[in-house]
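# Secondary and tertiary structure notes
What follows is each chain in one-letter form.
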There are 4 protein chains.
Amino acid sequence: MDTVTITTVPVPGEAAAHAAHAVQAVLEALPDVRGWQEDFYRDVHAHPELSHREYKTAKKVAGRLDSFGYHVHEGIGGTGVVGILRNGDGPVVLLRAEMDALPVLEATGLPYSSTVTDTDSHGNEVPVAHVCGHDMHTTCLLGAAQLLADSREHWNGTLVALFQPAEEVGDGARRMIDDNLAAIIPRPDVALAQHNYQLPAGLVGTRPGPALAIADNMRITVHGRGGPGSMPHTTIDPVALAAMIVVRLHTVVSREVPPSETAVLTVGSIRAGNKSNVIPDRAVLELNIRSYSDHTRKTLLDAIYRIVAAECQASACPRDPEFILFDQFPLTDNDEATTSRVADAFTSFFGDRAQSINQVPASEDFSDIPNAFGTPYTYWGIGCIDPDTYRKAADAGRIAQDIPAPHAPNFAPVIQPTCDTGTQALVVAALAWLGGRDQQNRGVD
Amino acid sequence: MDTVTITTVPVPGEAAAHAAHAVQAVLEALPDVRGWQEDFYRDVHAHPELSHREYKTAKKVAGRLDSFGYHVHEGIGGTGVVGILRNGDGPVVLLRAEMDALPVLEATGLPYSSTVTDTDSHGNEVPVAHVCGHDMHTTCLLGAAQLLADSREHWNGTLVALFQPAEEVGDGARRMIDDNLAAIIPRPDVALAQHNYQLPAGLVGTRPGPALAIADNMRITVHGRGGPGSMPHTTIDPVALAAMIVVRLHTVVSREVPPSETAVLTVGSIRAGNKSNVIPDRAVLELNIRSYSDHTRKTLLDAIYRIVAAECQASACPRDPEFILFDQFPLTDNDEATTSRVADAFTSFFGDRAQSINQVPASEDFSDIPNAFGTPYTYWGIGCIDPDTYRKAADAGRIAQDIPAPHAPNFAPVIQPTCDTGTQALVVAALAWLGGRDQQNRGVD
Amino acid sequence: MDTVTITTVPVPGEAAAHAAHAVQAVLEALPDVRGWQEDFYRDVHAHPELSHREYKTAKKVAGRLDSFGYHVHEGIGGTGVVGILRNGDGPVVLLRAEMDALPVLEATGLPYSSTVTDTDSHGNEVPVAHVCGHDMHTTCLLGAAQLLADSREHWNGTLVALFQPAEEVGDGARRMIDDNLAAIIPRPDVALAQHNYQLPAGLVGTRPGPALAIADNMRITVHGRGGPGSMPHTTIDPVALAAMIVVRLHTVVSREVPPSETAVLTVGSIRAGNKSNVIPDRAVLELNIRSYSDHTRKTLLDAIYRIVAAECQASACPRDPEFILFDQFPLTDNDEATTSRVADAFTSFFGDRAQSINQVPASEDFSDIPNAFGTPYTYWGIGCIDPDTYRKAADAGRIAQDIPAPHAPNFAPVIQPTCDTGTQALVVAALAWLGGRDQQNRGVD
Amino acid sequence: MDTVTITTVPVPGEAAAHAAHAVQAVLEALPDVRGWQEDFYRDVHAHPELSHREYKTAKKVAGRLDSFGYHVHEGIGGTGVVGILRNGDGPVVLLRAEMDALPVLEATGLPYSSTVTDTDSHGNEVPVAHVCGHDMHTTCLLGAAQLLADSREHWNGTLVALFQPAEEVGDGARRMIDDNLAAIIPRPDVALAQHNYQLPAGLVGTRPGPALAIADNMRITVHGRGGPGSMPHTTIDPVALAAMIVVRLHTVVSREVPPSETAVLTVGSIRAGNKSNVIPDRAVLELNIRSYSDHTRKTLLDAIYRIVAAECQASACPRDPEFILFDQFPLTDNDEATTSRVADAFTSFFGDRAQSINQVPASEDFSDIPNAFGTPYTYWGIGCIDPDTYRKAADAGRIAQDIPAPHAPNFAPVIQPTCDTGTQALVVAALAWLGGRDQQNRGVD
């Protein structure tokens, strides 16, 4: 057995060649799926749903997967969907996409713009739009799922297509895990995901190691004592206190984090008082905290707790401050070997269009899934900006100004070549595991 | 003539005696007005109206004045009312009360509590309540107006009973002036007003010189550049800027105002951003600024303009800050001679219940009226707290904690002896001018 | 006896007339003392001595007092001197002057400028100069001492001429008290002192009530952890900490002290680090704290302790901060009756040149002496600026800019009429007690 | 031509083998130089000289070089020394060491500790010590210079041994350049330098790309207006201003520099005022500013200028602030190919003792020399800590606490194996250029 195994296991170059062969075969049918993909994308784009409310989107996804022959599970962690396709022995590859949209008023001017509104968790009616491109991620994964389902003879193993809810609020992946995902899907050997990047459409980019930040969001309420604006000595002024806290917090990154570490501490919101002449009794700060290691995260959080508590003491506050952590995202730390394997497959397929990407300070909850299984993973970027537009902006040194970033009201990927590229990237990356054993396994038969 | 005049002008002591005699005579009828006063007070208290919307209150006031025999003018400066009673030669005395209530939810638990709501200038439905006691001021002035009208034989001169709108927002008095009040009433020789103070009901208190502060309210909008919380370097963070401004503003009183001057600079409200992970594009601060002289006021305002502008430069703001002054109140600077005359009359009538009061950092727009005429004025306080309650709080050193201040949701004067005392005080003070020439003028006849 | 006394005690008006008579008589000899006074002043001015080192000055003073016939005690509290002159029954009047100079380089350009240097308590050689006018105070008191000694027939009682050391550091008076002054002098019935004011020479000014502030000086050492400037995360940066403390301390006056109270909190010195690229391990702040009541003083001190401790916690300091109070000065709270008596005597003698003066934020340790005896006191000002110079500065609105304040390198009184006026003021004030019984006692003889 | 070139140029592996052979041959004599090296080191260590005053050290260096057969130039840029050894055709390799010491009181307790003092540029007498290890760098380079001079048959080319002054103040290298170094030495093909690192002695470490930071030091003087501490309103308080500036400056790194960029802005020193009760007229801040790119450096400097100027406006300063840049160091950006060549040579010679090192926030002026010639360069580290001591500290997680850093009073390399390793490293690195053509060139002859 050992001998047989040894002789039939291809050397990496050989496996890559097999995979490349499988890629060609699988992607031959891309023109056949492209049509419904574009329609599907426009439909989902025009009908976005807020986090944890992706009911219709999940239904559409589940229907497609079912029609492709996947074994479909719905309602995982609320609205999560997985499709499982077992295709003989071989690795288990998990591909993941997100389904939720954001409470933003779309301003793209596209004919398929969203006009949807919904009621948010505070009871306010809010607009809803896919300004993060999750609709594109879902569309690409569905397309790749069909392509791979329709060409099972070219690969071996198990494909898990996972569509998660509520990435935007950081807990969609965890809720699927907590809803016993491990009992539903086999343990993946690798987990793969992708996201739109502000790069020309047609490009793909990989990066080993920490690629996206840990993010924590924190609401801090400090308690003073209200009173008339004319009698500050009878009050404990929470506006002055909050200002001191904000000022102090800016020393955390500048003094407490090693200069070579990437860390961000932003106070995105400060709220206190309603009237000029009344000193309020509290102030509320909302913080966004990012880092690329648990150690740095701890440094930041410890400093925030310490500083806020001490500033409240400096003001002689009658009550302790309150800290609420929310919208927490894990580190996206791309496994070196996994990333290298995907990068090689991309280079083989995309040529010069396969690049490396920079670390970005954005965050994702994708890694919660592989982390729960102890599975290595990688997460890559696909360009989504019209190449001409991008080139003009780049030539003018105006990328930041002219290219809408995700979450901006006017953000939307160009449908093509974004959709094709994202579909190809998923197939190519999946086959780097599933396709490499193609000949080998067949030989074993 | 000269000789006659000289011989008939009473020395002050003699005039005071005449006035004291008139006071006794006029106030004999107080038990007759007390009944309707208490009903009227409860009615107005239960039906409060916001600033510049005192339509029903003004109508009630005008109806009463008319029934007392006053020549009544309505709608001055919107909803202002004056009643003029000419009673022979003699001084013109203006007595003033306010009619407007506040957007506060009453929490007194009184049977005649307000349940009124109205729509504020931002379009929000707000509760309305008389938590500043203007209903009491109006009631006392109406009572005094009837008492003086019903006993004209005891005094000489002209009485102007003025009921102004919109004291709470600082422009009710000015609007009456701007609506040509000078063409409606004769130029007053003296102007008198009173306010509830946190003192035991039954007391009256005077103070010469600056008694209430100049107040300005200011809304400052500073403009940064918004962006993702994770990319502060692409933004100009208005939260950090606003915090620096608040911190800097606290050096104005501590460094720029002479230590012996009274000045207050409060930032009552700070607002920036809605989300923890989005750096907003602006911040709004609302300030309350108080002083007791134009020079100190200028020091404060100049420092605010200078500091905010410079801090915006320190942040490299893309736009200049915006400053809007609103709810501005003049200095209440009680004329020495006028105050002395009222204080003497009070001592004569109230005995030990006539006291002096401290400067308070509150503000009033009353002085806009006498200032427009170049008329000397004084403004005094009347106690409005149940004496037993007050004594217990004082004994426990808990005045600040246990005695509701004006504008607090649970503030309300005790009806008696507040109403009697306020009515008496107006009569006594008015007769210090109108009653002192009683015998003299009669002798001239 | 009692009866006699009662019948012969003059009514105040009569006593004042007696005193005025005595003043004329005593001051007749002023031209005789003026000569040596001016020489003495120039000599002491040119030979200033630091606090607690007034050896030569004390010797000169003691010699003069002895020559006038005073019973002289030297070396009280180090270098303090008292001369006692008992002149029959009557009140005990204490007149006080100071002898110490300051570590300042004189820049008056006067022919009798100081060129003296001395070694300060840190071992540094420093210049020494009489830039606070203590030389003038001493000269005036010596002159008054001689005038009163030479005309004992015009007054009755006991005169105590006290020359204290170390007023500038706030403990000269206390050291005399602690050195058992009470065993050396009789308990005074009244204590009197004067100081140069930035007013035209020739004027005298009084003020009842709090006239000079309580002052405390505080040295605060905060402990961080030093390290290379390039590795702030290995340090606890005391520069950043000290800056936060300074900023926070400016909220004490603006937020914690009632706006109508006078209070000053100045950080006069901040010191940390020697090199740009080394984060030091500590920072030292020196504060000056002034108030006019024990309650406000406590508010200030409590806030400082609380804020500094909390800011050190916010920085996670490895050691607690250290607070050292030094150069503490008591309140100078002029007794109402005493001040009134002096003011009346001044008006009687100086006419329009007797004025009232404003509260000033300076401080003095004079009151430690009367407070130790439970003796009422007053402290007045004498003008010391050339009247023409003063008038020009006043006309130009440039008093603050053009008139040197005490402690400025170019401060010096004009010798005349400052010296005459200060001498006269002491005699006039002393005789308001000692001279009033002149005729009475003589009549008893 | 092409053909000839191709046939005679060794493939890298072949060149490396030649170089490795040369290394063995040259270093055979290391035991012969080790003896005088250790003596020389102890001598220079015990007789340190401040920057730009390396007179005796330079004389000792020049004497040795001359004795080895180098063509020696002295006094370049003040006290700089170069020795040139031409040894046939081949590359020109520049090896550089520094000679200056620091104004620090040595606290190593070593028998050869410095007891030297000197007068610094402010006229103060200061201790002097080699607490940065320049004495070791000089000793190693002299040893390598002799070894290479004594074995010329094993290499070809030109060796330039450069000993620069005043590295500690950042301008020693530039002064040599400005003193026309280019006319004295041939243009180097490569420039090499090394520094003690806090690693176990015996190790060498390389790093391609930015290895040491750009450093700028800045002295900022801000001008307020002095006055009595009791009268802040007559002053412009530079202590409050300086505190605001420090606080504001901490937002530069946290808000204006991209989070992924390494940047440091430290205020190492703040100085204002001498007395608690006097508000001074100015404050002086000293800053240390580090970055790894010109763009980030510009961001930092622009922000500092902008913030300080604006804060001075916020304080209404009477004069503009003053900025003085000093002790400026360029980026040390190790050439990729050069570093790779040295790293390969180190691995070949040192085996596991050749490692990679981290970017450190320290700075150097070495790169000014190659930059002036357009020469690629690399700069590596040599361990200098006793390996046992290091291991114990590492095991206890106490490297930062227990291992003295350069510039600390108790910093000193262990003489061995530091000296041997540093000498070997220089020889090995030089021969990676000079030794590789050994056989080839000889064959050409």
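Predicted model only: the values in this text are computed from it and were never measured.

## Overview of the overall build of chain A
If you tally the helices and strands in chain A, you get 14 helices and 18 strands. Scaling as 2.2 N^0.38, a compact globule of 445 residues should have a C-alpha radius of gyration of about 22 Å, and chain A matches this with 24 Å. Viewed in the frame of its principal axes, chain A has a C-alpha envelope of about 85 × 50 × 50 Å. Looking at chain A alone, contacts between residues at least 24 apart form 83% of all its contacts between residues at least 6 apart. Summed over its atoms, the accessible surface of chain A is roughly 16400 Å², and 50% of this surface lies on carbon and sulfur atoms. Here chain A holds 33 positive side-chain charges and 54 negative ones, and the gap between their average locations is 6 Å.

## Topic: the nonpolar core
Counting residues in each nonpolar core, the largest one holds 140 residues, and the members touching the most others are A:Leu287, B:Leu287, C:Leu287 and D:Leu287. If near-sequence neighbours (up to four positions away) are discounted, C:Leu287 is found in contact with C:Asp216, C:Asn217, C:Met218, C:Ile220, C:Leu249, C:Leu265, C:Thr266, C:Val267, C:Ile304 and D:Ser276.

## Side note on the interface of chain B and chain A
The interface of chain B with chain A comprises 35 residues on the first partner and 35 residues on the second. Summing both partners gives a buried area of about 2800 Å² for chain B against chain A, and 58% of it is carried by carbon and sulfur. For the interface between chain B and chain A, the tally reads zero salt bridges. On the surface where chain B and chain A come into contact, there are eleven residue pairs in polar contact (both at pLDDT 80 or more). Mapped onto the side of chain B that touches chain A, the elements with two or more residues apiece are α7 (238–256), β12 (263–272), β13 (278–279) and β14 (282–291) of chain B.

## Re the side chain of C:Gln37
Residue and element names in this part refer to chain C. In this fold, Gln37 is placed in helix α3 (residues 30–46). A distance of 2.9 Å separates a polar atom in the side chain of Gln37 from a polar atom in the side chain of Thr423. Among all residues touching Gln37, those that are not within four sequence positions of it are Leu30, Thr139, Cys140, Gly143, Cys419 and Thr423.

## A short note on the sheet that holds strand β8 (residues 204–206) of chain A
All names here are of chain A. Read across the open sheet, the eight strands follow the order β1-β2-β6-β3-β7-β18-β8-β17; overall the sheet is mixed. The sheet is open, and its two edges are formed by β1 (71–76) and β17 (354–356), each paired on a single side. Across the sheet, the mean angle from the axis of one strand to that of its neighbour is 25°, orientation sign disregarded. Where strand β7 (residues 190–200) and strand β18 (residues 377–385) come together, eight bridges link them in parallel fashion. Within β18, the residue paired with His195 across the bridge is Gly381.

## Observations regarding the interface of chain A and chain C
At the interface, 23 residues of chain A touch 23 residues of chain C. Summed over both sides, the interface of chain A with chain C buries roughly 2000 Å², with 58% coming from carbon and sulfur. The largest share of the area that chain A buries against chain C comes from A:Met244, A:Arg248 and A:Arg255, three residues that together contribute 32% of it. Our count for the chain A to chain C interface comes out at four salt bridges. Of the charged contacts in the structure, one is a salt bridge between A:Glu311 and C:Arg248, with a shortest N-O distance of 2.8 Å.

## Focus on the UniProt feature "domain: Peptidase M20 dimerisation" (unreviewed entry) in chain A
UniProt marks residues 217–312 of chain A with the feature "domain: Peptidase M20 dimerisation" (unreviewed entry), using the numbering shown here. Along residues 217–312 of chain A one finds 40% helix and 32% strand; the C-alpha atoms at either end are 20 Å apart.

## So, the sheet that holds strand β8 (residues 204–206) of chain B
Within a sheet, adjacent strands bond to each other through the backbone by hydrogen bonds, running parallel or antiparallel. Residues and elements named next belong to chain B. Spatial ordering of the open sheet is given by β1-β2-β6-β3-β7-β18-β8-β17, a layout of eight strands whose pairing is mixed. Strands with a single pairing partner mark the edges of an open sheet, and in this sheet they are β1 (71–76) and β17 (354–356). Shown here is a sheet whose adjacent strand axes are inclined to one another by a mean of 25°, direction ignored. Of the strand pairs in this sheet, strand β2 (residues 80–87) and strand β6 (residues 157–164) are connected by seven bridges, and their pairing is antiparallel. Across the sheet, the residue bridging to Leu85 is Leu159, located in β6.

## What to know about the domain arrangement of chain A
For interface size, the figure often reported is the accessible area lost on association. Residue and element names in this part refer to chain A. According to the domain assignment, chain A consists of domain 1 (13–210 + 332–434) and domain 2 (214–329). Computed over C-alpha atoms, the centres of domain 1 and domain 2 are 36 Å apart. Summing both partners gives a buried area of about 810 Å² for domain 1 against domain 2, and 48% of it is carried by carbon and sulfur. The interface formed by domain 1 and domain 2 contains zero salt bridges. Across the domain 1-domain 2 interface, the total number found is three residue pairs in polar contact (both at pLDDT 80 or more). Grouping the amino acids of the side of domain 1 that touches domain 2 by side-chain chemistry returns five nonpolar, three polar and five charged.

## Notes on the relation of the copies chain A and chain C
You can overlay chain A on chain C at an RMSD of 0.3 Å; the transform is a turn of 179° with a shift of 0.3 Å along its axis. Such a turn and shift between the copies fits a two-fold axis. Taking the C-alpha atom as reference, chain A places A:Ala310 closest to the rotation axis, 2.5 Å from it.

## Some points on the relation of the copies chain B and chain A
Take chain B, turn it by 180°, move it 0.0 Å along the axis, and it overlays chain A with an RMSD of 0.1 Å. In this assembly the copies share their binding face: 100% of the residues contributing to the interface of chain B also contribute to that of chain A.

## What to know about the packing of aromatic side chains
Here the distance between the centres and the angle between the planes together describe a pair of aromatic rings. The tally for this structure, following the rule as stated, stands at 36 aromatic pairs over all chains. Cluster of aromatic residues (ring-pair linked, three or more members): A:Phe346, A:Phe349, A:Phe350 and A:Trp380. The lysine or arginine in question, B:Arg219, covers the ring of B:Phe326, its NZ or CZ lying 4.5 Å from the ring centre.

## Thoughts on the pattern of salt bridges
The final tally for this structure, using the stated rule, is 84 salt bridges over all chains. Here C:Asp402 and C:Arg398 are joined by a salt bridge, their closest N and O atoms 3.0 Å apart. Overlapping salt bridges, with partners in common, bring together A:Arg96, A:Glu98, A:Glu364 and A:Asp365 in one network.

## With respect to the packing of helix α7 (residues 238–256) of chain A against helix α7 (residues 238–256) of chain D
The contact between α7(A) and α7(D) brings their axes to 8 Å, and the two run at 55°. It follows that α7(A) is oblique to α7(D) by the angle criterion. For the pair α7(A) and α7(D), the crossing hand works out as left-handed. Contacts from A:Val247, A:His250, A:Thr251, A:Val253, A:Ser254 and A:Arg255 in α7(A) reach D:Val247, D:His250, D:Thr251, D:Val253, D:Ser254 and D:Arg255 in α7(D).

Thresholds applied
- Residues numbered from 1 in each chain as written.
- Chains lettered and ligands numbered in written order.
- Predicted model: local features only at pLDDT ≥ 70, side-chain atom pairs only at ≥ 80, totals over all residues.
- Heavy atoms only, no water.
- Helix = DSSP H or I, 4+ residues; strand = E, 2+ residues; numbered from the N terminus.
- Rg over C-alpha atoms; globule rule 2.2 N^0.38 Å.
- Contact = heavy atoms within 4.5 Å.
- Areas by Shrake-Rupley, 256 points an atom, 1.4 Å probe, with all protein chains shown as cover.
- Lys, Arg positive; Asp, Glu negative; His and termini not counted.
- Charge placed at Lys NZ, Arg CZ, Asp CG, Glu CD.
- Core = buried A, V, L, I, M, F, W, Y, C linked by side-chain atoms within 4.5 Å.
- Buried < 20%, exposed > 50% of the residue type's maximum accessible area, 1.4 Å probe, protein only.
- Buried area = accessible area lost by both parts, 1.4 Å probe.
- Salt bridge = Lys/Arg side-chain N within 4 Å of Asp/Glu carboxyl O.
- Polar contact = N/O pair within 3.5 Å; in protein donor to acceptor, adjacent residues only side chain to side chain.
- Pairing = 2+ DSSP bridges.
- Axes fitted to C-alpha atoms, helices over the stretch in contact; angles between N-to-C directions.
- UniProt positions renumbered as here; feature names shortened; annotations may be inferred.
- Domains from an automatic or database assignment.
- Nonpolar A, V, L, I, M, F, W, Y, C, P; charged D, E, K, R; others polar.
- Least-squares fit on C-alpha atoms with pLDDT ≥ 70 in both.
- Phe/Tyr/Trp six-rings, centres within 6.5 Å; stacked < 30°, edge-to-face > 60°.
- Lys NZ or Arg CZ within 6 Å of the ring centre and 35° of its normal.
- Parallel < 35°, antiparallel > 145°, perpendicular 65-115°, else oblique.
- Left-handed = near helix turned anticlockwise from the far one by under 90°.

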